[in-house]
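Residues per chain are reported as follows:
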Amino acid sequence: MIGIARIAALSLLAMMAVGTARAEDALKAKVGVLRLSSSAPVFIAQDKGYFREAGLDIELKFFDAAQPIAVATASGDVDFGVTAFTAGLYNLAGKGVLKVIGGMSREKAGYPLIGYFASNNAYAAGLKTPKDLAGKRIAMTQVGSSFHYSLGLLADKYGFKLSDVKIVPLQSLSNAAAALKGETVDAALLPISTARKLMDDGGAKFLGWVGDETPWQLGAVFASPKTLANKALVTKFLGVLAKADREYHDVILASMKDGKAPINDKTKPLLEIIAKYTNLPVDQVVGNCAYIDPDGKLDVKNVDNQIKWLQEQGFADKGYDADTIIAKDYVKAD
C-alpha cells in the first residue's frame, strides 16, 4: 500500500511539474483595450481560455481613450493594441514605431456603436438630427480621434464646413459625457455604452448612429516592431483572435435584428462575457454589439482614405499611406 501511495504521489508531483513548466513556457503579452464591445473578440478569447489553450499568457490593460493605447503600444507598455484608428496612431505608424496587423470593429449600418448625442438645451433649441450639428460645440475625446473623423465624414455628407464646428477635446469618454450632461457643450460623439446612462437619466438626447450615416473601418489590431519580431507570439495571438472573431460573428452578429441581439441559450454566454468586461448589464449589451468582420479583415482602401483625410486637415503628418503602416504578412485585406 505504501508503494502504491508513493507512486501516486510521485505521479501527482510529475503532473504538477509539467503544468508549471507549461505555464512558464507560455508566451506572455499585454493587450491595451477599451471597455467597449468593439473589443468583444478579445474578451471572449480571454474569458473562454482560448489564449491560454494556444500557449499565451495574456494580460488585458484597460484605457479610457484610443490614443493612449497607441502610445502605450509604441512605448512597449503593452505589446498589442486593439482600438480605434486616430491621427496619433497613424503618425506613430508613419514613423515606423507601430504596424497595423489586423482589422477589428467597423461602423456599419444596423450595428449601433458610436452615436451623435445632443444636450437637452441644444435639442430644445432645434438640434434634432446629425445634419444639424453644423456650427455647434461638440465634445469628443481628442482632436484627430475616430470621433473627429466621423464628424468630418458627416460634414462632407451634408455639405457643411468642419471648420464651422467648435471641437471641444476632453481627453476621455467620461469627461465628454459629463460636459454633455452639464450643458457646457451642445453635442458629443459617444459610444452607446457611455451614453446610455445619460439617456436613461434624461441627461442627453439621441440624434443618430455613425454607422447609419457614414460606415467606415473604425478599429484595428496593431503592434510595435519589437513585438512583431516575435513571430510565434504574433501568429498565435492573431490566430486566437480569428477564432473569437468568427464565434462572435456567427453567434451574436448573425442573430441581430433591428440593432439588437436576442438573449437565448446560444447567445447568452457570450453576451455575459461582453457584459463582464464592459461593466454593463446583459440587457444593455444586446443593443451595443459592434460589427466585426468574421475573418478579421481590414478595409485597407478606407484606411488609406482616413490617412489622406487626416493629412488634408493637418491632423496627421504627410509622407506615408496605408501601405506604409500595414504589416502585409499578417493583414487580411478586404
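Just above, that's the structure.
Described below are features of the structure shown in this document. (Residues numbered from 1 in each chain as written. Predicted model: local features only at pLDDT ≥ 70, side-chain atom pairs only at ≥ 80, totals over all residues. Heavy atoms only, no water.)

Going through the model one piece at a time under the given rule, you end up with 10 salt bridges. Two residues, lysine 268 and glutamate 272, come together in a salt bridge whose shortest N-O distance is 4.0 Å. One end of the pair, lysine 268, and the other, glutamate 272, are both in helix α13 (residues 268-278), 4 residues apart, so they sit about a helical turn from each other. Within this structure, Arg246, Asp250 and Asp295 form a network of salt bridges that share partners. (Salt bridge = Lys/Arg side-chain N within 4 Å of Asp/Glu carboxyl O. Helix = DSSP H or I, 4+ residues; strand = E, 2+ residues; numbered from the N terminus.)

Moving on to the sheet that holds strand β7 (residues 137-140). Judged by pairing direction, the sheet is mixed, and its 5 strands sit side by side in the order β8-β7-β9-β6-β10 without closing on themselves. Pairing within the sheet leaves two strands with one partner each, and these edge strands are β8 (166-169) and β10 (205-209). Across the sheet, the mean angle separating the axes of adjacent strands is 30° when strand polarity is ignored. Across 4 bridges, β7 lies against β8 in parallel orientation. What sits directly across from alanine 139, in β8, is valine 168. Along the sheet face, helix α7 (residues 146-158) touches β6 (114-118), β7, β8 and β9 (187-191) and points at about 120° away from the line of β9. (Pairing = 2+ DSSP bridges. Axes fitted to C-alpha atoms, helices over the stretch in contact; angles between N-to-C directions. Contact = heavy atoms within 4.5 Å.)

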